[in-house]
Amino acid sequence: MTRALPVLTITLALIIVWYAACIPMNAVLTTPKIAAAGGGFANTLAFSWNEVRPVLPSPHQVFREIWNTTAMVEPWAIKSLIYHLWVTLSSTLVGFVLGGLLGVILAIGIVHVGSLEKSLMPWVIASQTIPILAIAPMLIVVLGKTGLPDLITKASISAYLCFFPVTIGMVKGLRSPDVMQQDLMRTYNASASQTLWKLRLPASVPFLFASLKVSVAIALTGAIVAELPTGAVAGIGARLLNGSYYGNTLQIWAALFVAAFGAAALVWALGAAEALSLRRMGAKP
Amino acid sequence: MASGVISAENVGLIFQTGDGAVEALSKISLSVAEGEFVSLIGPSGCGKTTLLRSIANLEHPTSGKLMVNGLSAEQARLARAYGYVFQAPALLPWRTVEANVRLPLEIMGLDDIAGRVARNLALVNLKGFEKKFPWQLSGGMQQRVSIARALAFDPKLLLMDEPFGALDEIVRDKLNQQLLELWARTNKTIVFVTHSIPEAVFLSTKIVVMSPRPGRIIDVIDVGLPKNRNLDIRESPEFLKIAHRVREGLKAGHSYED
């Protein structure tokens, strides 16, 4: 309870600010209606918070929309946010795995081959300075021509974003064993691959999880961004785009929240995996 | 060719640092025979650790000739001729006690891993702690695990770099006693770096007194004490005489700077 209290306080404060903001944000639409109903504080609240096509929907409207598009429809219906979340999550996860593997492989290369650090690292960093919104359409057009499945095309954007934190974290992690531990391996005349498997990789596990938690969240962003230029009909990105075409703010907010819940679930799952593996590796409880 | 386990002739080592060359070792000549317990003693900066690391091929002398088991230091390292105990236990924190002792055996692909682990943990009196992780052990126990690990693949030569330096006096006395028993039982050749005079005299058959700038040997003392020693020997006149000679040697090495 003591741990939940600070979070709940902030949540409550945000909800209050949100409800308050609905009044001025929706004023353009609601002012005549409030006047027609005779004005007054009660009418102001009633109209501001229940506008059918609001500029800023109120929290309960958003949650009603989420409820209606998750619990009240078949999970695989085109209207279901669970279906759209699944479409986005599947390409997120594929991209996350691909990007994570690429990140680890690059880090292993950089740690073992001196020239790779000088030749590759600037490119690794430069790759992240290009706005993803600029590169996503090009990647998707190019990859689309190759006839790869849509899932892989979208996943490549996620992979492009999420290999970077893994590379940076793993380079640090693979170099984390101290001089004494490295000398120890030399006294055994251990090969580079033995040192990698028995010393460097286990030592880098805490670094790996820290990077993966960052990666998984941006992998989801990548998957959503990848859905925008493809004109995808399914996925959280498609819902966002569709909502903005038709000025349906409720749909946008509902999709945003579901995406946020999805990201939170992914980060939580990684945290659980981290706790489990660190416990198995004998970390102090 | 002498049959010595270690033979050094005029070994020198110069480190190139940012502000000029540092002569870490100068004209080191030393021979260690099989079954000896040799201590290297001296103040910090005298090159005792550098000499030990050179024997282990972790540092590379720039002049002279250094042989281990009749091979060059590098060949000896590649042949896994020695076990090395560092100043700190340097255990892998994600491995249990037995998995830490198993590490060199896995790397070297030796057989009878379980038997070797059990024997060597028994040798350092750590039976019953196999499944513990390093952080669950005291500093002294951790260092004993690292000794068991160094002995696990049964090297004839044991190199120890101030292994008990970070431990308190009481634990250190006990481990010194255990180390002597272990040495008597296994017949290893041991080279032991320390800066404690009583420790050096108590343990050694031979004491090499070193002095800094440049790192060199200023005295080699043969300790005539019997092989079976207990801590009481430290009050005997012979013991005190040798300790006095070590102290005089250390003083002589220092006189030029004070």
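Residues numbered from 1 in each chain as written. Chains lettered and ligands numbered in written order. Predicted model: local features only at pLDDT ≥ 70, side-chain atom pairs only at ≥ 80, totals over all residues.

**Focus: the packing of helix α3 (residues 97-108) of chain B against helix α5 (residues 139-151) of chain B**
All names here are of chain B.
Next up, step 1: Closest axis-to-axis distance for the α3/α5 pair is 7 Å, and the angle between their directions is 30°. By the angle class used here, α3 and α5 are roughly parallel. Judged by the sense of rotation from one axis to the other, the crossing of α3 with α5 is right-handed. Residues Val97, Asn100, Val101, Leu103 and Pro104 of α3 form the contact with α5, whose participating residues are Val145, Ala148 and Arg149.
Next up, step 2: Here the contact of α3 with α5 is built from residues that sort into 6 nonpolar, 1 polar and 1 charged. (Axes fitted to C-alpha atoms, helices over the stretch in contact; angles between N-to-C directions. Helix = DSSP H or I, 4+ residues; strand = E, 2+ residues; numbered from the N terminus. Parallel < 35°, antiparallel > 145°, perpendicular 65-115°, else oblique. Left-handed = near helix turned anticlockwise from the far one by under 90°. Contact = placed C-beta atoms within 7 Å. Nonpolar A, V, L, I, M, F, W, Y, C, P; charged D, E, K, R; others polar.)

**Looking at the sheet that holds strand β3 (residues 37-41) of chain B**
Residue and element names in this part refer to chain B.
Next up, step 1: Strand order in this open sheet of 6 strands is β6-β7-β8-β3-β9-β10, and the pairing throughout is mixed. The two strands at the open ends of the sheet, each matched to only one other strand, are β6 (82-85) and β10 (216-222). This sheet shows a mean twist of 15° between the axes of neighbouring strands, independent of strand direction.
Next up, step 2: Sheet topology note: the β3/strand β8 (residues 189-194) ladder contains 5 bridges and is parallel. Within β8, the residue paired with Leu40 across the bridge is Val193. (Pairing = 2+ DSSP bridges.)

**Description of the confidence of the model for chain B**
Next up, step 1: Confidence along chain B averages 89 in pLDDT terms, with 97% of residues attaining 70 or more.
Next up, step 2: Among the scores for the predicted complex, ipTM is 0.89 and pTM is 0.84. (pLDDT = per-residue confidence, 0-100.)

**Points about the nonpolar core**
Next up, step 1: Counting residues in each nonpolar core, the largest one holds 81 residues, and the members touching the most others are Ile55, Ala148, Leu159, Val191 and Val246 of chain B.
Next up, step 2: Considering each element in turn, this core owes the most residues, 6 residues, to α5 of chain B.
Next up, step 3: In this structure Val246 of chain B touches Ile41, Ile197, Ala200, Val201, Ile207, Val209 and Ile221 of chain B, once residues within four positions along its chain are discounted.
Next up, step 4: One finds Val104, Leu208, Ala217 and Leu266 of chain A within the second-largest nonpolar core, a separate group that totals 51 residues. (Core = buried A, V, L, I, M, F, W, Y, C linked by C-beta atoms within 7 Å. Buried ≥ 20, exposed ≤ 12 C-beta atoms within 10 Å, placed from the backbone.)

**Quick word on the domain arrangement of chain A**
Next up, step 1: Domain boundaries assigned for chain A yield domain 1 (4-55) and domain 2 (81-280).
Next up, step 2: Taking the mean C-alpha position of each, domain 1 of chain A and domain 2 of chain A sit 39 Å from one another. (Domains from an automatic or database assignment.)

**Describing the packing of helix α5 (residues 81-112) of chain A against helix α12 (residues 249-280) of chain A**
Residue and element names in this part refer to chain A.
Next up, step 1: Across the interface, α5 lies against α12 with an axial gap of 10 Å and an inter-helix angle of 50°. Taken together, α5 and α12 sit at an angle that is classed as oblique. Of the two elements, α5 crosses α12, and the hand of that crossing is right-handed. Contacts between α5 and α12 involve Leu81, Leu85 and Leu89 on the former and, on the latter, Ala254, Ala255, Val258 and Gly262.
Next up, step 2: For the contact of α5 with α12, the class distribution of residues is 6 nonpolar, 1 polar and no charged.

**Some points on the pairing of strand β7 (residues 157-161) of chain B**
Regular strands show a simple pattern: their side chains alternate between the two faces of the sheet.
Residue and element names in this part refer to chain B.
Next up, step 1: The buried fraction of β7 is high, at 5 of 5 residues.
Next up, step 2: What you see with β7 is no split at all: Leu157, Leu159 and Asp161 on one side and Leu158 and Met160 on the other are buried throughout.
Next up, step 3: Two strands pair when backbone bridges link them, and β6 and β7 are joined in this way by 4 bridges, in the parallel orientation. Across the sheet, residue Val85 finds its bridge partner in β7, namely Met160.
Next up, step 4: Looking at chain direction, β7 and β8 are connected through 5 bridges and run parallel.

**Remarks on the interface of chain A and chain B**
Next up, step 1: With 15 residues of chain A at the contact, the number on the chain B side is 18 residues.
Next up, step 2: Sorting the residues of the side of chain A that touches chain B by element identifies α9 (179-187) and α10 (192-227) of chain A as the ones contributing at least two each.
Next up, step 3: Among the elements that line the side of chain A that touches chain B, the one with the most residues is α9 of chain A, at 6 residues.
Next up, step 4: Here the side of chain A that touches chain B is built from residues that sort into 6 nonpolar, 5 polar and 4 charged.

**Focus: the environment of Gly109 of chain A**
Residue and element names in this part refer to chain A.
Next up, step 1: The topology assignment puts Gly109 in helix α5.
Next up, step 2: Judged by local crowding, Gly109 falls into the partly exposed class, with 14 C-beta atoms found within 10 Å.
Next up, step 3: Considered as a pair, Gly109 and Thr167 are 58 residues apart in the sequence and their alpha carbons are 10.0 Å apart.

**Regarding the sheet that holds strand β5 (residues 71-72) of chain B**
All names here are of chain B.
Next up, step 1: Within the open sheet, the 4 strands sit side by side as β2-β1-β4-β5. Their pairing is antiparallel. Each having just a single partner strand, β2 (20-32) and β5 make up the two edges of the open sheet.
Next up, step 2: With 2 bridges connecting them, strand β4 (residues 63-68) and β5 associate as antiparallel partners. Its bridge partner being in β5, Val68 is matched across the sheet by Leu71.

**A look at helix α4 (residues 113-123) of chain B**
All names here are of chain B.
Next up, step 1: For α4, the complete set of buried residues consists of Arg116, Val117, Asn120 and Leu121. On an axial view of α4, the arc spanned by its buried residues comes to 125°, and they lie on one face. Exposed and facing more than 90 degrees away from the buried side of α4 are Ala114, Gly115 and Ala122.
Next up, step 2: Those residues of α4 that are buried are in contact with α3 and α5.
Next up, step 3: Looking one or two places after α4, you find Asn125, whose phi comes out positive at around 55°. (Arc of directions from axis to C-beta.)

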